[in-house]
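Survey of secondary and tertiary structure
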Amino acid sequence: MAGIEYDRPERDAGAGAPRACPHCRQADQLRAVQAVFLEGHRHVRTESGTGDQRHAVTREVVSRLARALAPAPPNRAYRARTEPGLAAAERLWARGWYCGRCARAHFEGESAALTLQEFRVRVWTAGGYGDLAEAHPAVDLHVALRPDASY
């Protein structure tokens with residue numbers, strides 16, 4: 001992504017961190033969206049064959065959560081459409097926080113908790129390609145309640 005600072009330390013526990021999730025009112029699993037997104041990307045290397053016929057393939061595996069929190073659509077077909085507004089989308093996206101306890105996101109300074117799809121619509125709309133969020137819906141994660149109806 002254009003504006004993501006890959007070498008920047010996580011801001012999960014930094015001074016700008018919200019005190020608690022606006023949905024479940026807990027803070028123990030609150031993380032910066034950027035950190036969750038980057039953590040969800042892995043490179044997997046597979047080798048096959050023997051001797052002169054041996055070859056290796058490295059591919060990127062992206063978790064469903066990382067895909068749901070992406071600041072732009074995943075395939076290259078939309079690059080020309082998303083590139084002009086990507087910086088604006090990333091500015092809003094970088095202010096996002098994700099709660100692993102209730103699978104909701106919110107923005108720094110706001111009190112509304114959003115589903116992953118609502119988060120995606122807000123970010124992609126900021127970039128000028130919000131209509132693509134309907135064609136590429138985020139997978140909303142379901143969090144089971146404990147027997148006492150708490151998270």
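Each remark here, short or long, concerns the structure printed above.
In short, a report on the structure.

Each value, and the rule that gives it
- Residues numbered from 1 in each chain as written.
- Predicted model: local features only at pLDDT ≥ 70, side-chain atom pairs only at ≥ 80, totals over all residues.
- Heavy atoms only, no water.
- Pairing = 2+ DSSP bridges.
- Helix = DSSP H or I, 4+ residues; strand = E, 2+ residues; numbered from the N terminus.
- Axes fitted to C-alpha atoms, helices over the stretch in contact; angles between N-to-C directions.
- Buried < 20%, exposed > 50% of the residue type's maximum accessible area, 1.4 Å probe, protein only.
- Polar contact = N/O pair within 3.5 Å; in protein donor to acceptor, adjacent residues only side chain to side chain.
- Contact = heavy atoms within 4.5 Å.

Strand order in this open sheet of 3 strands is β1-β4-β5, and the pairing throughout is antiparallel. Strands at the two margins of the open sheet, each flanked by one partner only, are β1 (30-32) and β5 (104-107). Averaged over all pairs of adjacent strands, the angle between their axes in this sheet comes to 30°, without regard to strand direction. Relative to strand β4 (residues 96-99), β1 runs antiparallel, the two being bridged by 3 bridges. Its bridge partner lying in β4, R31 is registered against Y98.

Turning our attention to the side chain of R120. Inspection of the secondary structure assignment puts R120 in helix α5 (residues 116-126). Residue classification places R120 among the buried positions, given a relative accessible area of 4%. Within polar-contact distance, the side chain of R120 engages the backbone oxygen of H136 at 2.3 Å.

So, about the pairing of β4. Neither face of β4 is exposed, since G96 and Y98 on one face and W97 and C99 on the opposite face are all buried. Note that β4 and β5 share 4 bridges and pair antiparallel. Counted as the bridge partner of G96 is F107 from β5. Between the end of β4 and the start of β5, which pair antiparallel, lie 4 residues, with A103 showing a positive phi angle near 55°.

This part is about the environment of A70. With respect to the element layout, A70 can be found in the loop between α2 (64-68) and α3 (79-82). Once the C-alpha coordinates of A70 and A138 are considered, the two residues, 68 residues apart in sequence, prove to be 9.1 Å apart. Apart from the residues lying within four places of it in its own chain, the contact partners of A70 are F37, W93 and W124.

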